[in-house]
Amino acid sequence: MEKFVIFSLLICIIISNGFCEELNQTAAPWRIHTLFSVECQDYFDWQTVGLVHSYKKAKQPGPITRLLSCTDEEKKKYKGMNLAPTFEVPSMSRHPKTKDWYPAINKPAGIVHWLKYSKDAQNVDWVVILDADQIIRGPVVPWELGAEKGKPVAAYYGYLVGCDNLLAQLHTKHPELCDKVGGLLAMHIDDLKALAPKWLSKTVEVREDRAHWSTNLTGDIYGKGWISEMYGYSFGAAEVGLRHKISDDLMIYPGYVPRAGVEPILFHYGLPFTVGNWSFSKLDHHEDAIVYDCNRLFPEPPYPREVQVLEAEPNKRRGLFLSIECINTLNEGLVIHHASRGCSKPNWSKYLSFLKSKTFANLTQPRYLTHGNPQIEKAEVQQYAFDNPGKPYPKIHTVFSTECTTYFDWQTVGFMHSFHLSGQPGDVTRLLSCTDEDLKQYAGHDLAPTHNVPSMSRHPLTGDWYPAINKPAAVLHWLNHAKIDAEYIVILDADMIMRGPITPWEFNAALGHPVSTPYDYLIGCHNEFAKLHTSHPDACDKVGGVIIMHIDDLRKFAPLWLHKTEEVRADKAHYSKNITGDIYESGWISEMYGYSFGAAELNLRHVINDKILIYPGYDPEPDVNYRVLHYGLQFTVGNWSFDKANWRNVDMVNTCWAKFPDPPNASTLDSTDTNIISRDQLSIECGRTLNEALRLHHIRMNCLDPARKAPQTKQETKDDTPPQDIRTRELTHPNITDPIFSSFRFWIVVLWAFSVMGFLITVSMVLSGRKGEGPRGKGSHHRNKRRASYSAFPDTAGRHDNILTIMLLICSCNCRKIQKKILVTE
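Residues numbered from 1 in each chain as written. Predicted model: local features only at pLDDT ≥ 70, side-chain atom pairs only at ≥ 80, totals over all residues. Heavy atoms only, no water.

Stated formally: UniProt positions are given in the numbering used here, feature names are shortened, and annotations may be inferred rather than shown by experiment.
Named according to an unreviewed UniProt entry, the protein chain is Hydroxyproline O-arabinosyltransferase-like domain-containing protein originating from Papaver somniferum. What the UniProt record of the protein chain gives under Subcellular location (unreviewed entry) is the line "Membrane".

As structure tokens, then:
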């Protein structure tokens, strides 16, 4: 009997302690709930499978709930109720009052409904709000990311320029509190309860403000009010006084280049991305029933070993690895989902074997944000690498100058595409120089975040035709009229392709010491030309192309840049080639000398770096990772060539599927000379990047696929209303399906009950055994007492009582722990 008692004690301890240990690993000190919003469509169903799978794989603490917006008609046909723990919310895709078709409003409307009717909303401390088109790589734990009550954590959405202009002043009483955030939101439940009604009402308000939908005010490249919900969030948060802790490191778009040393914990595959010849765009799968087609997956991306040889630069290669991890995780979720539906076992394939391998499991273990300080304030998005490693990186802003012509439009498309791929931090602004007449007819407002400036192509005083003067004139106008919170400005040209970030901390820019690239043909810096046009000819640097300058220097310098450009342009007596280096001898590089002479006047001495920029067609230095391709000159690869001047009057942007002649395949290059290979590879990269930018732009234009043209419906031709007819239903109490977590709680209770029952059975058996011993005699009592007094061993009768006492304390203690964990989990 004693052995049985001890054995039962051990079982009780093992079960209760072991189970509590398991709960301790998953339980959090506060209750977390993760939410995401979807509609009753195949498009959202495969995204749901991917997100929920990644939620489990990343070991995100707390439950997850899908806010499902469906009309009654949609719900009758819907097959995906069991794809995730679900809370049904009324659809507001068609606004019940305005009849406006705007599905994005379902996100704040669904959250308002969840807060009002869900029991979960009454038993939670922190809420994590995600989008369906995301993959979780590691736990998103609000307090670990630095969230506080009143200070949510969010990802940075730099394109929400309306926070800095008239739009914020129109729609919030506290425009100074407007934060450009979205994608990932982690906040205290009390903050969400205060915010949600404002989020919804401000979304409606911004959506109705059609007069201010333009790209210049909103940053919405379509100019159709599609990001009204995002502004609804930012303006609503400003109204209730929330100040966000903003991070550029938490989330990454596959296809973007991560910052060195940063391990993002969230993928957002909202944009198309490519790896080698493979590509993925979620829009290509808008009506894809892949969730319900047994054993069908998205096209397999390259394998890791193939990616290894695609890119030599380590951080770009890491970006490619992140891209394939995103789609592989999606496919892994589909494999598991199809198996759970009872699909027949798929045929063996190399790709399926890879997804089930230990190698893939190791590559996709839960990630944890690697950042020196995850609690990032708005002005501390990055960390310094200057002399003070602990000091936060300065904010930067990139600008480039264009005009209202189709020639600059296709360059803008190429520039913006490369900007997003480069990993360049901070905002970007196109300085668009147009006459009033040109601006009325201009169709390219949505190509980039834009600051409009008056055209000086025809000088207002001299009548001189010199479009290049628009560059310094536009920079000066921008400085005088825009709200700029950046410390450093990066100035580039439209005919550039960015290949990587251009930052002041990497290239050692400082106040009084701008960074630029060498323009050796500016010989006027070293002859009488400089003596004529600057009082400090010794400070004249032959630079241009890429400029990184402190904002304080730029504010002093910009007027001189414009003034010296006018001065040099007017000095026709010194246009000759032997003085200026201008092969045309027509003063076309006056703006470049205006820059060098203006900088010399302020005694700005440049940090000149010849490893930032290269012209396609030039021979690169070995092992140099150039950040910019400047296709200002003609270049060739074999029989193929490209000259931007040949496309001056061709509308590549508004002509569906227009593209430049495809460059040759790199595999066809002559491999005998490594210098020639490197040169030609850069030229091919430039041509392909431009064509890829145009292709993606035409997709965004909704150009019809040439392979499957379909006539437009009447609804498609009316305003921006998609061809669907969805009726709004009355607000009703939701049906909740939560099979995963109902099952989890059930087994917790079963194990807890098993532990208690085992304890009670043991106590019963011990007590019944002791009753059978009968009353003890006096002699027996004395013998036991004497033995207990002189023996080295304890009294066995007393030991039963001690064991029972210990069992009662341990098991009851652990049972209380289990009960507590159950409450936390629920």
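On we go.
## Here's the deal with the state of the cysteines
Each disulfide consists of one covalent bond between the sulfur atoms belonging to two cysteines. As a reminder of what qualifies: The criterion for a disulfide is a pair of cysteine sulfur atoms lying within 2.5 Å. Labels follow the DSSP assignment, with helices taken as runs of H or I lasting at least four residues and strands as runs of E lasting at least two, numbered in each case from the N terminus. The rule is simple: take the accessible area with a 1.4 Å probe, protein chains only, and divide by the maximum for that residue type; under 20% is buried, over 50% is exposed, in between is partly exposed.
A full pass over the atoms with the stated rule returns 6 disulfides. Across a sulfur-sulfur distance of 1.9 Å, Cys525 and Cys540 are joined as a disulfide pair. Judged by the torsion about the S-S bond (-45 degrees), the Cys525/Cys540 disulfide is left-handed. Placement of the pair is Cys525 in the loop between strand E18 (515–518) and helix H17 (528–533) and Cys540 in the loop between H17 and strand E19 (543–550), with a sequence separation of 15 residues. Note on Cys540: relative accessible area 4%, which makes it buried. Put simply, Cys656 and Cys703 are joined by a disulfide, and their sulfur atoms are 2.0 Å apart.

## With respect to a nonpolar patch on the surface
Operational definition: For patches, a residue must show more than 30% relative accessible area and have no salt bridge; joins then use 9 Å for like charges and 5 Å for nonpolar side chains, namely Val, Leu, Ile, Met, Phe, Trp and Tyr. Computed with the Shrake-Rupley method and a 1.4 Å probe, the accessible areas treat only the protein chains shown as cover for residues. Put simply, a salt bridge is a Lys or Arg side-chain nitrogen that is within 4 Å of an Asp or Glu carboxyl oxygen.
A surface patch of nonpolar side chains, amounting to about 520 Å² of accessible area, comprises Trp465, Ile583, Tyr584 and Trp588. Structurally, Ile583 can be placed in the loop between helix H19 (577–580) and helix H20 (590–601).

## Observations regarding the packing of aromatic side chains
Put simply, the test is: Two rings from Phe, Tyr or Trp (for Trp, the six-membered ring) form a pair when their centres sit within 6.5 Å of each other. Planes less than 30 degrees apart are called stacked, planes more than 60 degrees apart edge-to-face, and all others tilted. Should the NZ of a Lys or the CZ of an Arg lie within 6 Å of a ring centre and within 35 degrees of the ring normal, that charge is described as sitting over the ring.
Scanning the entire structure with this criterion turns up 40 aromatic pairs. Consider the rings of Phe635 and Phe642, whose centres lie 5.7 Å apart with planes at 45 degrees: the pair is tilted. Comparing Phe635 with Phe642 shows no difference in burial state: the two are buried. Through a chain of ring-to-ring contacts, three or more aromatic side chains come together here, namely Tyr407, Phe408, Trp410, Tyr631, Phe635, Trp640, Phe642, Trp647 and Phe660. In this structure, Arg305 is placed above the aromatic ring of Tyr303, and the distance from its NZ or CZ to the ring centre is 5.5 Å.

## Points about the sheet that holds strand E10 (residues 266–268)
Note the threshold: Strands are labelled as partners when DSSP assigns at least two bridges between them.
Strand order in the open sheet made by the 3 strands is E5-E10-E9, with mixed pairing throughout. Each of the sheet's edge strands pairs with one partner strand only, and the pair in question is strand E5 (134–136) and strand E9 (251–252). Bridge count between E5 and E10: 3 bridges; the pairing is antiparallel. Pairing of Ile135 across the sheet is with Phe267, part of E10.

## Observations regarding unusual backbone geometry
The backbone phi angle of Asn295 is positive, close to 65 degrees, even though this residue is not glycine. By secondary structure assignment, the location of Asn295 is in the loop between strand E12 (278–280) and helix H9 (304–310). By relative accessible area, Asn295 is classed as partly exposed at 30%. Here the phi dihedral of Asn603 falls at roughly 60 degrees; this positive angle occurs in a residue that is not glycine. Relative to the elements of secondary structure, Asn603 occurs in the loop between H20 and strand E20 (607–608).

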